[in-house]
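Summary of the model geometry
Here are the chains, one letter per residue:
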Amino acid sequence: MVKLLGAVFILAATTWTGFEASRHLNERPRQLRQLKVALQSLEAEIMYGHTPLHEAARKLAKQLSNPLNILFKVFSERLISEETTVRDAWQQSLDDIWKLTALKQGEYEILKQFGETLGRHDRYTQQKQILLAIAHLEREEADARERQGKYEKMVKSLGFLTGLLLIVLLI
């Protein structure tokens, strides 16, 4: 009876681990799409609304879901409350939420580079920088969707099969 209960726990734990890894693969393309939409909204706020950057970031934070809304909320708060540059506020905000995201190092570099140019140019040059960041994110999203398609089922199955292997080895 104890062996059976232990086997069920092992199988449940490894299967859950596989599903968590699969969820991570599923979250990355979703967060990249959300990020692209956020940058498009930021572009519209800057170009057509003539909205100050802190106000545009605050509006974006209200429109997005976790964890990306935290990025824009913290960024907006840092711009208002701290004596800092836009680049530093963006970098610190990005570092604060990065572990909460499903994004990879490539996306981090794109967003970091975007932060280097944020608020430093006129509206038209800023628009070009936003469009460049969106183009890079689209490339990363295509890669994320490809990886999701390749590995999502495999990771789920691998979790379950690892549990079965452990049970066989322990019994």
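Everything that follows concerns the structure shown earlier in this document.
Described in the following lines is the structure provided in the data block.

Calculation notes
Residues numbered from 1 in each chain as written. Predicted model: local features only at pLDDT ≥ 70, side-chain atom pairs only at ≥ 80, totals over all residues. Heavy atoms only, no water. Helix = DSSP H or I, 4+ residues; strand = E, 2+ residues; numbered from the N terminus. Rg over C-alpha atoms; globule rule 2.2 N^0.38 Å. Buried < 20%, exposed > 50% of the residue type's maximum accessible area, 1.4 Å probe, protein only. Contact = heavy atoms within 4.5 Å. Axes fitted to C-alpha atoms, helices over the stretch in contact; angles between N-to-C directions. Left-handed = near helix turned anticlockwise from the far one by under 90°. Nonpolar A, V, L, I, M, F, W, Y, C, P; charged D, E, K, R; others polar. Polar contact = N/O pair within 3.5 Å; in protein donor to acceptor, adjacent residues only side chain to side chain. Phe/Tyr/Trp six-rings, centres within 6.5 Å; stacked < 30°, edge-to-face > 60°. Salt bridge = Lys/Arg side-chain N within 4 Å of Asp/Glu carboxyl O.

This part takes up the overall build of the protein chain. When its secondary structure is counted, the protein chain shows 6 helices and 0 strands. For 171 residues, the compact-globule estimate of 2.2 N^0.38 gives 16 Å, and the protein chain exceeds it by more than 25% at 21 Å. The dimensions of the protein chain, computed from C-alpha atoms along their principal axes, are 70 × 30 × 25 Å. Counting only residues that meet the buried cut, the protein chain has 40% of its 171 residues in that class. Considering only contacts in the protein chain between residues 6 or more positions apart, those separated by 24 or more positions represent 65%.

One can describe the packing of helix 1 (residues 2-47) onto helix 2 (residues 53-63) by two numbers: an axis separation of 10 Å at closest approach and a directional angle of 140°. Between helix 1 and helix 2 lies a crossing of right-handed hand. In contact with Ala38, Ser41, Leu42, Glu45 and Ile46 of helix 1, helix 2 contributes Leu53, Ala56, Lys59, Leu60 and Gln63. For the contact of helix 1 with helix 2, the class distribution of residues is 6 nonpolar, 2 polar and 2 charged.

Note on placement: serine 76 falls in helix 3 (residues 68-81). Accessibility expressed as a relative area gives 3% for serine 76, which makes it buried. A distance of 2.8 Å separates a polar side-chain atom of serine 76 from the backbone oxygen of histidine 54. Among residues more than four places away in sequence, those in contact with serine 76 are His54, Ala57 and Arg58.

Before going further, it helps to examine the packing of aromatic side chains. Following the criterion strictly, the structure yields 4 aromatic pairs and no others. Seen from their ring centres, phenylalanine 75 and tryptophan 90 are 5.2 Å apart, and the 90° between their planes marks the pair as edge-to-face. Separated by 15 residues along the polypeptide, phenylalanine 75 in helix 3 and tryptophan 90 in helix 4 (residues 86-97) bring together distant segments of the chain. In this structure phenylalanine 75 comes out as buried when scored by relative accessible area, which is 1%. Residue classification places tryptophan 90 among the buried residues on the basis of a relative accessible area of 1%. Each member of the aromatic cluster is reached from another via a ring pair, and the members are Phe72, Phe75, Trp90 and Phe114.

Turning to its location among the elements, glutamine 34 is positioned in helix 1. What makes glutamine 34 buried here is its relative accessible area of 14%. Leave out the neighbours within four places in its chain, and glutamine 34 touches Leu64, Ser65 and Leu68.

A pair can form between side chains of opposite charge whenever their charged atoms are brought close. Considering all chains together, one arrives at 14 salt bridges under this definition. For arginine 23, the salt bridge is made with glutamate 20, and the minimal N-O distance between the two is 3.1 Å. Here arginine 23 pairs with glutamate 20, and both are found in helix 1, just 3 residues apart, close to one helical turn. The partly exposed category is assigned to glutamate 20, whose relative accessible area is 29%. With a shortest N-O distance of 2.6 Å, lysine 36 and glutamate 141 are connected by a salt bridge. One end of the pair, lysine 36, is in helix 1; the other, glutamate 141, is in helix 6 (residues 123-170), and 105 residues separate them in sequence. Note on glutamate 141: relative accessible area 4%, which makes it buried. When salt bridges with common partners are traced through the structure, they connect Arg28, Glu107, Arg139, Glu140 and Asp143 into a single cluster.

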